[in-house]
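Report on the structure
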Amino acid sequence: MYSFGNSGISKVGDAFFPNQQGPCWVTALANGKYFYVANAGTNNISGFQVNSDNTYTLLNNGNVRESGLKTIDIVSSPNSKFVYSLNAESRSIRLYEVEPDGQLSIISDRYNLLPTVTAFAIK
């Protein structure tokens, strides 16, 4: 983590994505219990538990589930039960179920997306 001020950029703490590369997109569950970060460089998802004092705890050393190749977007369902990742290189969407402990279980994959699909949203 870094801080930017009058004297420039300085390191203020350790990275909170150990061994992960390309943290890019974030989604938070509507119930406020967990949030997830898609790591495009390491093709996985990092998970965090939100504590009662609004601090957070990294789950499973930063890797709650592998994603498709080059994950470029992530979104969660309004009911906090599912997470979806959009994977550019594999041209797929992967659907996960959120487990009670915040881990993600793969439910299914949808392949053969058009290469022009670059983001998505859930209503």
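Look up a bit, the structure's there.
Note that this is a predicted model, so its numbers are computed, not measured. (Residues numbered from 1 in each chain as written. Predicted model: local features only at pLDDT ≥ 70, side-chain atom pairs only at ≥ 80, totals over all residues. Heavy atoms only, no water.)

**As for the packing of aromatic side chains**
What counts, and what does not: Pairing of aromatic rings covers Phe, Tyr and Trp, the last through its six-membered ring, and needs centres within 6.5 Å; plane angles under 30 degrees mean stacked, over 60 mean edge-to-face, and all others mean tilted. Note on conventions: DSSP H or I runs of at least 4 residues are helices, E runs of at least 2 residues are strands, and numbering of each starts at the N terminus. Think of it in three bands: with a 1.4 Å probe and only protein chains considered, a residue is buried below 20% of the maximum accessible area for its type, exposed above 50%, and partly exposed in between.
Counted under the stated rule, the structure contains three aromatic pairs. Between Phe 35 and Phe 48 the ring centres are 4.7 Å apart and the planes differ by 10°, which places this aromatic pair in the stacked class. Note that Phe 35 is positioned in strand β4 (residues 34-39) and Phe 48 in strand β5 (residues 44-50), a separation of 13 residues in sequence. By relative accessible area, Phe 35 is classed as buried at 18%. The exposure class of Phe 48 is buried, given its relative accessible area of 1%. What links up through ring pairs into an aromatic cluster is the set Phe 35, Phe 48 and Tyr 56.

**Looking at the pairing of β5**
The condition is simple: In this description, strands pair whenever DSSP reports at least two bridges between them.
Burial analysis of β5 places five of its seven residues in the buried class, the great majority of the element. Alignment of β4 against β5, held across six bridges, turns out to be antiparallel. Bridge pairing links Phe 35 to Phe 48 in β5. Taking the residues that link successive antiparallel strands as the turn, the β4-β5 hairpin has four residues, and the phi of Asn 43 there is positive, at about 55°. Relative to strand β7 (residues 65-66), β5 is paired through two bridges, and the arrangement is antiparallel.

**Observations concerning the sheet that holds strand β8 (residues 71-76)**
Condition: In this analysis an axis means a line fitted to C-alpha atoms, helices contributing only their contacting stretch, and an angle means the value between N-to-C directions, from 0 to 180 degrees.
Within the open sheet, the four strands sit side by side as β8-β9-β10-β11. Their pairing is antiparallel. One side of each edge strand has no neighbouring strand; the edge strands of this open sheet are β8 and β11 (104-110). Between one strand axis and the next, the sheet turns by 20° as a mean value, whatever way the strands run. Of the pairings in the sheet, the one linking strand β10 (residues 92-98) to β11 comprises six bridges and is antiparallel in character. Bridging across to β11, Tyr 96 finds its partner in Ile 106.

**Regarding the pattern of salt bridges**
Side chains that carry opposite charge are capable of pairing whenever their charged atoms lie near each other. The cut-off we apply is this: Think of a salt bridge as a Lys or Arg side-chain nitrogen and an Asp or Glu carboxyl oxygen that are within 4 Å of each other.
Counted by the stated rule, this structure contains one salt bridge. A salt bridge links Asp 109 to Arg 94; the nearest nitrogen and oxygen atoms lie 2.6 Å apart. In this pair, Asp 109 is assigned in strand β11 and Arg 94 in strand β10, connecting sequence segments 15 residues apart.

**Considering the nonpolar core**
Rules: Here, nonpolar core means buried Ala, Val, Leu, Ile, Met, Phe, Trp, Tyr and Cys residues that are tied together by side-chain atoms lying within 4.5 Å of each other.
Among the nonpolar cores identified, the biggest contains 12 residues, and these are Leu 29, Tyr 34, Tyr 36, Ala 38, Ile 45, Leu 59, Val 64, Ile 74, Val 83, Tyr 96, Val 98 and Leu 104. When contributions to this core are tallied by element, the ones reaching two or more residues are β4 and β10. With three residues, β4 is the largest single contributor of residues to this core.

**Considerations on the pairing of β8**
Every other side chain in a regular strand lies on the same face of the sheet, so the side chains alternate between the two faces. Along β8, six of the six residues are buried, which leaves the element largely enclosed by surrounding structure. Where β8 meets strand β9 (residues 82-87), five bridges bridge the pair, whose relative direction is antiparallel. Bridging across to β9, Asp 73 finds its partner in Leu 86. The loop that links β8 with its antiparallel partner β9 comprises five residues; one of these, Ser 80, has a positive phi angle of about 65°.

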